[in-house]
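Working through the structure, step by step
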Amino acid sequence: MTPQHPRNATSVPLTDQLADRWSPRSFDADFEIAPDDLTALGEAARWAPSANNAQPSRFIVGRRGTPTFASIVAALRPVNQGWAPRASVLIVALAETQRDGRPLRWAEYDLGQAVAHLTVEAESRGLSVRQMGGFDPDALRAAFALPPELVPVTVVAVGRYDAAADLPEEIRQRDAAPRLRRGLDELALILDV
Ligand SMILES: Cc1cc2nc3c(=O)[nH]c(=O)nc-3n(C[C@H](O)[C@H](O)[C@H](O)COP(=O)(O)O)c2cc1C
């Protein structure tokens, strides 16, 4: 559990990893993820469900300090370049949208589930995740010579939250801002129970 925010306010208690999860920008720029923890994130993604068990999720994983990490940072929007380089690992999450010339209709949905599983596993290991849609897919395509059927959907930052991170005040304030949600009654269009 990270100290920045109270537990997510839920009408009934949730499992700790869901109750405590949030997406910080303030990462400890010196923290290294242990190899087993990194492997566990991959396993969590690997064992996520997918339509027809097609398993269309693919990942490009770069540890801070590697050329892969630098290439991912270079593809981020400036607003994300302000904080993401402090993450321990950056992961490009890609969906295999076609196989054998046929579309995999649920590829992006399946990828989202795989990343959700990864996120919960990260939380259980004291790690935090923040996902990003703010990146240039063409820059990633060029950097990693991606074939057309592999679509970069998000970049996932993983690391250890650090409230004392030496970050611009604006980023610090955004991390401290209240985290809001629609009410459950807005989610359920019909609740016939
Ligand atoms: C697909 C996706 C794209 C996102 N893109 C960005 C982004 O580019 N930059 C950023 O700082 N946060 C990004 N976020 C993080 C969301 O803003 C964050 O998850 C949301 O505000 C809810 O906050 P919480 O995760 O702490 O509950 C993204 C999240 C998702 C799932």
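Let us look at the structure shown here. (Residues numbered from 1 in each chain as written. Predicted model: local features only at pLDDT ≥ 70, side-chain atom pairs only at ≥ 80, totals over all residues. Heavy atoms only, no water.)

**As for the overall build of the protein chain**
When helices and strands are tallied, the protein chain shows eight helices and six strands. For the protein chain, the α and β elements follow one another from N to C terminus as α-α-β-α-α-β-β-β-α-β-α-β-α-α. The C-alpha atoms of the protein chain give 17 Å as radius of gyration, which agrees with the globular expectation for 193 residues (16 Å, within 12%). Once the C-alpha set of the protein chain is aligned to its principal axes, its extents read approximately 50 × 45 × 30 Å. The proportion of buried residues among the 193 residues of the protein chain is 39%. Look at the contacts in the protein chain between residues 6 or more apart in sequence, and 76% of them connect residues 24 or more apart. Carbon and sulfur atoms form 53% of the exposed surface of the protein chain, whose accessible area is close to 11,000 Å². When the 21 basic and 25 acidic side-chain charges of the protein chain are each reduced to a single mean position, those positions are 2 Å apart. (Helix = DSSP H or I, 4+ residues; strand = E, 2+ residues; numbered from the N terminus. Rg over C-alpha atoms; globule rule 2.2 N^0.38 Å. Buried < 20%, exposed > 50% of the residue type's maximum accessible area, 1.4 Å probe, protein only. Contact = heavy atoms within 4.5 Å. Areas by Shrake-Rupley, 256 points an atom, 1.4 Å probe, with all protein chains shown as cover. Lys, Arg positive; Asp, Glu negative; His and termini not counted. Charge placed at Lys NZ, Arg CZ, Asp CG, Glu CD.)

**Some details on helix H5 (residues 107-124)**
In this model, H5 (18 residues) spans 26 Å end to end at C-alpha, consistent with the 26 Å of a helix rising 1.5 Å per residue. Residues of H5 that are buried: Ala-107, Asp-110, Leu-111, Ala-114, Val-115, Leu-118, Thr-119, Ala-122 and Glu-123. (Expected span 1.5 Å × (residues − 1).)

**Quick word on the environment of Leu-41**
Mapped onto the elements of the fold, Leu-41 is located in helix H2 (residues 35-46). With 24 residues separating them in the primary sequence, Leu-41 and Gln-17 have C-alpha atoms 14 Å apart. Aside from chain neighbours lying at most four places away, what touches Leu-41 is Leu-118, Glu-121, Ala-122 and Val-158.

**Focus on unusual backbone geometry**
Of note, Gln-55 is a non-glycine position whose phi angle comes to about 50°, a positive value. Mapped onto the secondary structure, Gln-55 falls in the loop between H2 and strand S1 (57-63). Judged by relative accessible area, Gln-55 falls into the partly exposed class, the value being 40%. Although it is not a glycine, Ala-145 sits at a positive phi angle of roughly 50°. Tracing the backbone through its elements, the reader meets Ala-145 in the loop between helix H6 (137-144) and strand S6 (150-159). Ala-145 gets classed as exposed once you look at its relative accessible area, which sits at 62%.

That is the geometry; function is a separate question.
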